[in-house]
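Overview (structure and organization)
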Amino acid sequence: METISLKQAHQLILNCQGLSGQPKPKGIDGTRQVIRQVGYIQIDTIAVIERAHHHILSSRVAGYQPAYLQALEEDRSIFEYWAHAASYLPMAHYRFSLPRKQDFQTGKEQWFKRDAKTLKYVLDRIIAEGPLMSKDFKPETTKSTTNGMDWARNPMNMALRQLFMQGKIMISGRQGFQKIYDIPERVLPPDTDTSMPSPSEYMRHLIERDLQAHGLLKAKEMGYLLKGTSKLIQQTLQEMVEAKALVETKVEGQGQSIYYSKPTFLESLDTLKVNKQLHILSPFDNLLIQRKRTEELFNFNYTLECYVPAPKRKVGYFSLPLLYGNQFVGQIDLKADRKTKTLTIKNLIWEPQLKQLSSMEQQLEKTLAAFAIFNKCEHIK
C-alpha cells in the first residue's frame, strides 16, 4: 500500500487531465491526442456559451477551433456513443462500445417501449436511402405539447435513438448540431476491430481508460454510471493488483479510502508540476464529472444550477468553475450574446479561502479576454 500527499494527488490528476498549465498540444493532432488521453468528451446541447464539448477541448488544446472536432469525426478518428453520457470517443475504442449496444439489443437496457414496426421502418429507410437526419422522418401523428417535449416524444426520433443505442445505426456526422445517421458498415473504417470483448477485457478497458484520464481513482469511481459493472470492476482490480499492474494507494487527508493507480504514475510523482494558470472550466469537464470526488479531493462543492429552480440558485444558471493551479478559486456565471458579440458576466463568486484577491482579478481579466474570443465575442460586460 502506497501513501501520497494531497498535493501529489492533485499534480497527478491535473497532469493526466491536461490541466496542469504545461504547454498544450495544438491543432487537429493535438485534439485527437487529448481525446485519447481523457477517454471521451461529453457532448451537451446547452449553448449559453460555446457548447461543452468544444469548451472542454479548448481548455486543453492551444488555439482550439470547433472545426477540429468536425474534421476528426469526418476522418473517423472519433465516433459518437455513450460513455457516462453522450460523448465523442476514440475510434480505437469502438469495440468497447459493443457490450452496451448488446444490452440494448437484448432488452437488458432500454429507454423506450420497443416499437418493432417503427424501428424496422426507420432502419430500412436508412439502409435503402443512405445517410438521413431526424427531419427526414415524419411521425404518423403529431401531438402539440406545452413543455417543449415534441421532439423527444416523436416516435421516429425515439426509434432513431433506440437504433443508435443498439448500434444498428451510427452518427456519421453533423449538419450544424443536427445528427446525420447511417449504418455502421458505411461509417466504420475498414480496419475497425468489431469483435466483442470478453467481460474481463471490457472491465480492464474501463479501468485503464479511467486511470489514464484521472491518475488515481476509487473502485466505485471507475466505469462511472455504467450499470452492472461494479462487482466485475472490483474483481478485475484485485487481479490487476496481484499482477502488480496496479497499486493500492492512500491519499493523506482522505481517511481509509483506497485508491488505485499505476506504478509508473506513482514513480513519476517527483517530476510532475502544476503551473499557476487560471482555467474557466465547463460544468461537464472531465475533471468535474464526479462531483463528490471533486469535493473530497479539491474541497470544492459545485452544483450546475441550470437544473435548480431559479429562486434557489446561488451563483447562476450556467456557473463555470474557476481552477487556478491545483485550487478551485471560484465560479463565474457567463452568457455569450452572439448578436451583439458580448460576453456578459452575470455573477462572480470567489471561494472564501482565496487569498490575494486583486491578483486573481487580474488573472481573470486576461483569461476572460481569451475566453471571449473563443466565444466569438468582442466585448465583455
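What comes next is a walk through the structure. Please read all numbers here as calculations on a predicted model, not as lab measurements.

When you go through the protein residue by residue, the secondary structure sums to 13 helices and 14 strands. Computed over the C-alpha atoms, the radius of gyration of the protein is 22 Å, within 12% of the 21 Å expected from 2.2 N^0.38 for a compact globule of 381 residues. In terms of overall dimensions, the protein has C-alpha extents of about 65 × 60 × 40 Å along its principal axes. With 381 residues in all, the protein has 53% of them scored as buried. Considering only residue pairs separated by 6 or more positions, the protein has 64% of its internal contacts joining residues 24 or more positions apart. Accessible area of the protein: about 19,000 Å², with a carbon and sulfur share of 51%. If you average the places of the 52 positive and of the 40 negative side-chain charges in the protein, the two averages end up 5 Å apart.

A separate point is a nonpolar patch on the surface. A grouping of Ile345, Leu348 and Ile380 is seen on the molecular surface, where their side chains present a nonpolar patch of about 210 Å² in accessible area. Along the chain, Leu348 falls in strand β13 (residues 342–350).

Together, Lys335, Arg338, Lys346 and Lys376 line one region of the surface with positive charge. Note that Arg338 resides in the loop between β12 (327–337) and β13.

On to the environment of Pro321. By the element assignment, Pro321 lies in strand β11 (residues 319–324). Judged by its relative accessible area of 0%, Pro321 is buried. Ignoring anything within four residues of it in the chain, the contact list for Pro321 reads His279, Ile280, Leu281, Ser282, Pro283, Leu288, Phe300, Tyr302, Phe328, Gly330 and Gln331.

The next thing to look at is the packing of aromatic side chains. All told, the structure shown has nine aromatic pairs when counted by the stated rule. Ring geometry for Tyr64 versus Tyr68: centroids 5.6 Å apart, planes at 85°, classification edge-to-face. Of the two residues examined, Tyr64 and Tyr68, each falls in the buried class. Centre to centre, the rings of Phe298 and Phe328 are 5.6 Å apart; their planes meet at 85°, and the pair counts as edge-to-face. With a gap of 30 residues between them, Phe298 in helix α12 (residues 291–298) and Phe328 in strand β12 connect regions that are remote in the sequence. Each member of the pair Phe298 and Phe328 is classed as buried. One aromatic cluster is present, formed by Tyr64, Tyr68, Phe371 and Phe374 through successive ring pairs. In this structure, Arg125 is placed above the aromatic ring of Phe137, and the distance from its NZ or CZ to the ring centre is 4.7 Å.

This brings us to unusual backbone geometry. Trans is the common state for peptide bonds, and a negative phi is the common state for residues other than glycine. The phi dihedral of Arg76 is positive, around 65°, even though this residue is not glycine. Locating Arg76 in the fold gives a position in the loop between α4 (66–74) and β3 (78–82). At Lys341, a residue that is not glycine, the phi angle is positive and equals roughly 55°. Structurally, the position occupied by Lys341 is in the loop between β12 and β13.

Every buried residue of α4 is accounted for by Tyr68, Leu69, Leu72 and Glu73. Axial view of α4: buried residues confined to an arc of 135°, hence all on one face. Those residues of α4 that are buried lie in contact with α2 (27–38), α3 (52–58), β3, β4 (86–90) and β5 (170–175).

The rules we used
Residues numbered from 1 in each chain as written. Predicted model: local features only at pLDDT ≥ 70, side-chain atom pairs only at ≥ 80, totals over all residues. Heavy atoms only, no water. Helix = DSSP H or I, 4+ residues; strand = E, 2+ residues; numbered from the N terminus. Rg over C-alpha atoms; globule rule 2.2 N^0.38 Å. Buried < 20%, exposed > 50% of the residue type's maximum accessible area, 1.4 Å probe, protein only. Contact = heavy atoms within 4.5 Å. Areas by Shrake-Rupley, 256 points an atom, 1.4 Å probe, with all protein chains shown as cover. Lys, Arg positive; Asp, Glu negative; His and termini not counted. Charge placed at Lys NZ, Arg CZ, Asp CG, Glu CD. Patch = residues over 30% accessible without salt bridge, like charges linked within 9 Å, V, L, I, M, F, W, Y side chains within 5 Å. Salt bridge = Lys/Arg side-chain N within 4 Å of Asp/Glu carboxyl O. Phe/Tyr/Trp six-rings, centres within 6.5 Å; stacked < 30°, edge-to-face > 60°. Lys NZ or Arg CZ within 6 Å of the ring centre and 35° of its normal. Arc of directions from axis to C-beta.

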